[in-house]
Amino acid sequence: MGFSVESLVRVLGGSVKPLIDAIAKGVIKGVAGIVGGNNPKVKQDYFLVNLCRELLKRNILVVGTGCWAIAAAKAGLMKLEAAAEAGLGVRQVCETLGILPALHMGSCVDCSRILVLLAAVADYLSCDISDLPVVGSAPEWTTEKAVSIGTYFVASGVPIHLWPAPPVLGSPVVTRLLTQDLEDLLGGFFFVEPEPSLAAQKMEEIILKRRKRLGLS
């Protein structure tokens, strides 16, 4: 299910350059990945859908996998018409490049597709993934595989939002390592936020910080 990296590149004309140009010119600020599960401790789909909407309004393109895709499809976010809810930049990108505002990239075990796409962009720019204006979220994570998936994204340089909080808060040392120290070591880190709008705000701040580091307006 979902778009493979190869199919997305074909839609973009055979290269990631159109997407990079849209980011470089500030048409969109960056890209956010949302991966799902549903967690019985939170209202089903609430965070998945509302975080997506908040990010699109902030001119951040959204890709994602797993149960997020089901939630987004039920909410109508995987139709071209959904671009009307997004910011002007996302609407322009959707119209110009012919892509959807919320791109389904596969099941919950296909998250590596997102990483492959980021690697292609980083390779094109001759930079590291940790330099890119990208961020991720697992806002209703529930299973152990989410830990490994989130960890390999953080280790690759992608900051990751989580909710609910992982069961590590009993150790101040581990909490500090995951939420602070890893940023200096790897570029990625975890952060926890229970409100979709505030999570989107933090994700936007991270993207803007990275844009500034790259010299983008």
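Because the structure is a prediction, the values reported are computed rather than measured.

Novice: Help me understand the pairing of strand 1 (residues 30-35) in this model?
Specialist: Side-chain positions along a regular strand alternate between the two faces of the sheet. Summarising burial for strand 1: six of the six residues are buried, a large majority. Burial of strand 1 is two-sided: the residues Gly 30, Ala 32 and Ile 34 facing one way and the residues Val 31, Gly 33 and Val 35 facing the other way are all buried. Pairing between strand 1 and strand 2 (residues 60-65): six bridges, direction parallel. Each bridged residue has a counterpart across the sheet, and for Val 31 the counterpart in strand 2 is Leu 61. The parallel pair strand 1 and strand 2, bridged by helix 3 (residues 46-57), forms a crossover whose chirality is right-handed.

Novice: Where do I start with the environment of Glu 85 in this structure?
Specialist: Counting through the fold element by element, Glu 85 comes out in the loop between helix 4 (67-74) and helix 5 (88-97). Overall, the relative accessible area of 37% leaves Glu 85 in the partly exposed class.

Novice: What's the story with the pairing of strand 4 (residues 134-138) in this structure? I'm lost.
Specialist: Of all five residues in strand 4, five are buried, a share of seventy percent or more. Burial along strand 4 is two-sided: the face carrying Val 134, Gly 136 and Ala 138 and the face carrying Val 135 and Ser 137 are both buried. Both strand 4 and strand 5 (residues 160-162) contribute to a ladder of three bridges, which runs parallel. Directly across from Ser 137, in strand 5, lies its bridge partner His 161. Between strand 4 and its parallel partner strand 5, the chain crosses via helix 7 (residues 144-155), and the hand of that crossover is right-handed.

Procedures and definitions
- Residues numbered from 1 in each chain as written.
- Predicted model: local features only at pLDDT ≥ 70, side-chain atom pairs only at ≥ 80, totals over all residues.
- Heavy atoms only, no water.
- Buried < 20%, exposed > 50% of the residue type's maximum accessible area, 1.4 Å probe, protein only.
- Helix = DSSP H or I, 4+ residues; strand = E, 2+ residues; numbered from the N terminus.
- Pairing = 2+ DSSP bridges.
- Right-handed = clockwise from strand over helix to strand, strands pointing away.

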